[in-house]
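Residue-level listing of the chains:
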Amino acid sequence: MPKWSVMMPLGVLAGVIIALGLAFVIELMDTSIKSPADISRRVDLPLLGMVPHLDDLEEEIEEPALAFKTDPDSLIGEAFRQIRSCLFFSGPADQRRSLLITSPLPEDGRTTLALNLAGVMAQGGLRVLVVDANFRQPSIHTLFPESRQGGLSGALVGQSGWEELVQEVEPNLHVIAAGTMPPNPAELLGSEQMGTMIGEMVEKYDQVLIDSPPCMVVTDASVLSSLVDGVVLVVRAGANTYGIVQRARDMFVHVGAHMTGIVLNGMRVMAGGYLRKNYDTFYEYRTQEQLPSE
């Protein structure tokens, strides 16, 4: 007869050991980037900032790409202002006048970063131009229906000058839509004409941000990277792996691009962790700020 007083504790102990072992194995198999420590440990690039996951916010953000306009005092709005500050201290201003915003894969948050970063820069008094260079899946024209027809592709094939296509959508914030899909996107984006246009844009604006397609899907970002001052890589937490981020970095280094840094997007908050306390402190501080003075 089995001695239940002995077998039961042993069974519980064995179950705990197996569960811990499985959790450890799963953790080893998960190569996704989830935290700032993963960036510093596995990717040799500076971290410019983190953007929280929308599910962890107290606010309801309807359109994340326009948070700088609709929810400027939210936690996500503060995150983009912090990224702006880190970017300004990343090097001399004349070495970051034109920046390419890209990511390894689709849905990583390139456009969201490009527009919000441009928005907070414009709110700080800079004249900013956002160029939609994603011919394959453009978004500027849907977010800003007032943006003019023709777009970047029209300017590159000589249908009009790029200055004629600029639309001011907010004070100090200007955009150029992508235009119609050309038959040879990568060739147009890597052309001498594109380089000349970027040079002219930098002469007229304090900051030029170029929203490009994902760099591991098509070559557009790669050819553009040699025409700008720097590249900002958007990495989605929990989705992009170490391997794909390292390959993206190596690709830009190989073509001689300057990697300005990484933005970790969709950062999740762990209960009891540093970020949870940081978020709680932000909301508590904001509430105290809004209390009426006597």
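Placed above this text is the structure.
Rules and cut-offs
- Residues numbered from 1 in each chain as written.
- Predicted model: local features only at pLDDT ≥ 70, side-chain atom pairs only at ≥ 80, totals over all residues.
- Heavy atoms only, no water.
- Helix = DSSP H or I, 4+ residues; strand = E, 2+ residues; numbered from the N terminus.
- Expected span 1.5 Å × (residues − 1).
- Buried < 20%, exposed > 50% of the residue type's maximum accessible area, 1.4 Å probe, protein only.
- Pairing = 2+ DSSP bridges.
- Axes fitted to C-alpha atoms, helices over the stretch in contact; angles between N-to-C directions.
- Contact = heavy atoms within 4.5 Å.
- Patch = residues over 30% accessible without salt bridge, like charges linked within 9 Å, V, L, I, M, F, W, Y side chains within 5 Å.
- Areas by Shrake-Rupley, 256 points an atom, 1.4 Å probe, with all protein chains shown as cover.
- Salt bridge = Lys/Arg side-chain N within 4 Å of Asp/Glu carboxyl O.
- Lys, Arg positive; Asp, Glu negative; His and termini not counted.
- Charge placed at Lys NZ, Arg CZ, Asp CG, Glu CD.
- Core = buried A, V, L, I, M, F, W, Y, C linked by side-chain atoms within 4.5 Å.
- Polar contact = N/O pair within 3.5 Å; in protein donor to acceptor, adjacent residues only side chain to side chain.

(A) Here's a closer look at helix α4 (residues 75-88). With 14 residues, α4 should reach 20 Å at 1.5 Å per residue; the first-to-last C-alpha distance of 20 Å fits that figure. Taken together, the buried positions of α4 are L75, I76, G77, A79, F80, R81, I83, R84 and L87.

(B) Just the sheet that holds strand β2 (residues 98-102), in detail. Ordered in space as β1-β8-β7-β2-β6-β3-β5-β4, the eight strands form an open sheet in which the pairing is mixed. In the strand order of this sheet, the two ends are held by β1 (47-52) and β4 (167-170), each with one partner. Strand-to-strand, the axes of this sheet are offset by a mean angle of 25°, without reference to chain direction. In this structure, strand β3 (residues 128-132) lies alongside strand β5 (residues 173-176), joined through four bridges in parallel fashion. If you follow V130 over to β5, its bridge partner there is V175. The strands touched by helix α5 (residues 110-123) are β2, β3, β5, β6 (207-211), β7 (230-236) and β8 (259-267); relative to β6, the strand with the most contacts, the crossing angle is about 165°.

(C) Seen up close, α5. For α5, built from 14 residues, the straight-helix expectation of 20 Å at 1.5 Å per residue is met to within 8% by its first-to-last C-alpha distance of 20 Å. The buried fraction of α5 is high, at 13 of 14 residues. Backbone geometry just downstream of α5 places G125 in the positive-phi region, at approximately 105°.

(D) Summary view of the pairing of β3. Within β3, five of the five residues are buried, which leaves the element mostly enclosed by the surrounding structure. Burial of β3 is two-sided: the residues V128, V130 and D132 facing one way and the residues L129 and V131 facing the other way are all buried. Sheet analysis places β3 next to β6, joined by five bridges and oriented parallel. Bridge assignment links V130 to a residue of β6, and that residue is L209.

(E) Here's a closer look at a negative patch on the surface. A cluster of acidic residues, E163, E164, E200 and E203, forms a negative patch on the protein surface. Along the polypeptide, E203 turns up in helix α9 (residues 192-204). You can call E203 exposed: its relative accessible area is 69%.

(F) Representation of the nonpolar core. In terms of nonpolar packing, the biggest core is built from 45 residues, with L152, W162, I210 and L233 touching the most fellow members. When neighbours within four sequence positions are excluded, L152 is seen to be in contact with V131, D132, A133, F135, L165, I176, A177, A178, G179, L189, M194 and M197. With 36 residues, the next largest nonpolar core counts L57, L113, L143 and F144 among its residues.

(G) Focus on the side chain of S103. Its location among the elements puts S103 in the loop between β2 and α5. Take S103: its relative accessible area is 0%, and that puts it in the buried class. Within the structure, S103 has its side chain in polar contact with the backbone oxygen of L105 (distance 2.9 Å). Leaving out residues up to four positions away in the same chain, S103 has contacts with D108, R110, P214, C215, M216, L233 and V234.

(H) Quick peek at the environment of D71. If you trace the backbone, D71 turns up in the loop between α3 (67-70) and α4. On a C-alpha basis, the gap between D71 and E60 in space is 9.1 Å, while along the polypeptide they are eleven residues apart. If we ignore the near neighbours within four places in the chain, the residues touching D71 are E60, I61 and G77. Of the polar contacts made by the side chain of D71, one reaches the side chain of T70; its length is 2.8 Å.

(I) Up close: the pattern of salt bridges. Inspection of the entire model under this criterion finds four salt bridges. Of the charged contacts, one joins R136 and D220 as a salt bridge, the two residues approaching to 2.8 Å between their closest N and O atoms. On the criterion of sequence distance, the pair formed by R136 in the loop between β3 and α6 (140-143) and D220 in helix α10 (residues 220-225) is long-range, its members being 84 residues apart. For R136, a relative accessible area of 36% corresponds to the partly exposed category. Here R249 makes a salt bridge to D250, at a shortest N to O gap of 3.0 Å.

(J) Focus on unusual backbone geometry. Of note in the backbone geometry, E107 takes a positive phi value of approximately 65° without being a glycine. Relative to the elements of secondary structure, E107 occurs in the loop between β2 and α5. In this structure, N172 is a non-glycine residue whose phi angle is positive, near 75°. The topology assignment puts N172 in the loop between β4 and β5.

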